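Single-letter residue listing:
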Amino acid sequence: MKVFNNTTKKLFLASWVSINQEHESEVNTAQHQNPNIKPKFDIFKPLRVWIDNIQIRDREFAHRVCKLIPAQCPFERDVNLFGKTLFHVPPMCKLNPLYEEVVALRFRGLCYLADECGEDISQYC
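Residues numbered from 1 in each chain as written. Predicted model: local features only at pLDDT ≥ 70, side-chain atom pairs only at ≥ 80, totals over all residues. Heavy atoms only, no water.

Engineer: Explain the overall build of the protein to me, using residue names and the numbers behind them.
Structural biologist: In terms of regular secondary structure, the protein is built from 4 helices and 2 strands. Mapped in sequence order, the helices and strands of the protein form the string α-α-α-β-β-α. Burial status across the protein gives 19% buried among its 125 residues. Restricting the contact set of the protein to residue pairs at least 6 apart, pairs at least 24 apart contribute 59%. For the protein, the accessible area works out to roughly 10,100 Å², and carbon and sulfur atoms hold 58% of it. (Helix = DSSP H or I, 4+ residues; strand = E, 2+ residues; numbered from the N terminus. Buried < 20%, exposed > 50% of the residue type's maximum accessible area, 1.4 Å probe, protein only. Contact = heavy atoms within 4.5 Å. Areas by Shrake-Rupley, 256 points an atom, 1.4 Å probe, with all protein chains shown as cover.)

See the structure below:
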């Protein structure tokens, strides 16, 4: 079974397209009602597109990507003192503007290793 083909193409891409189309129609409607509204400028869009377009076709590159990108945010912590939790440090990874694209790149690497190479990816989970 091809994990990547069954999940991303059927489930995720369909929802991303509909969200983008709805957002574009809202922006166009708002611009017609008030011409002073400008579309948002996204400084990270070229980087997002570049990361999304990275193709993983090499086994070594897939291993490198899976090793470099952690499965969980390494900064999330519970600070304990004498068995009581004083406070919780939230995951800072989600503040990264390219978080979704980097996680998707790691997912593509894992899918390549599992589907195309037939390797056990449990070491990266």
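Engineer: Outline the packing of helix 2 (residues 45-52) against helix 4 (residues 99-116), listing residues and values.
Structural biologist: Packing of helix 2 against helix 4 leaves a shortest axis separation of 9 Å and a crossing angle of 5°. When the interaxial angle is binned, helix 2 and helix 4 end up roughly parallel. The segment helix 2 lies against helix 4, with R48, I51 and D52 engaging E101, V102, L105 and R108. (Axes fitted to C-alpha atoms, helices over the stretch in contact; angles between N-to-C directions. Parallel < 35°, antiparallel > 145°, perpendicular 65-115°, else oblique.)

Engineer: Tell me about unusual backbone geometry, and please be specific about residues and values.
Structural biologist: Of note in the backbone geometry, F82 takes a positive phi value of approximately 55° without being a glycine. Along the chain, F82 falls in the loop between strand 1 (77-81) and strand 2 (84-89). The exposed category is assigned to F82, whose relative accessible area is 82%.

Engineer: Describe the layout of surface pockets, naming the residues involved and giving the relevant values.
Structural biologist: Reported here for the second largest pocket is a volume of approximately 330 Å³. Taken together, 16 residues line the second largest pocket, and the ones lying closest to its centre are I69, P70, A71, Y99 and V103. Residue classes in the lining of the second largest pocket are distributed as 11 nonpolar, 2 polar and 3 charged. (1 Å grid on protein atoms, 1.4 Å probe; cavity = no way out; pocket = protein on both sides within 12 Å on 5 of 7 lines; lining within 4 Å. Points joined across faces, edges and corners; volume = space filled by probe spheres on them. Nonpolar A, V, L, I, M, F, W, Y, C, P; charged D, E, K, R; others polar.)

Engineer: Got a sec to walk through the environment of F75? Specific residues and values, please.
Structural biologist: Looking at the element boundaries, F75 is found in the loop between helix 3 (59-68) and strand 1. Between the alpha carbons of F75 and P90 there is a distance of 7.6 Å; along the sequence they are 15 residues apart. With sequence-adjacent residues up to four places away left out, F75 is seen in contact with V89, P90, M92 and C93.

Engineer: Any details on the pattern of salt bridges? Residues and values, ideally.
Structural biologist: The tally for this structure, following the rule as stated, stands at 3 salt bridges. Taking the shortest distance from any N to any O, the salt bridge between E101 and R48 comes out at 3.6 Å. You can see E101 sitting in helix 4 and its partner R48 sitting in helix 2, a full 53 residues away along the chain. The network of salt bridges with common partners includes D42, R48 and E101. (Salt bridge = Lys/Arg side-chain N within 4 Å of Asp/Glu carboxyl O.)

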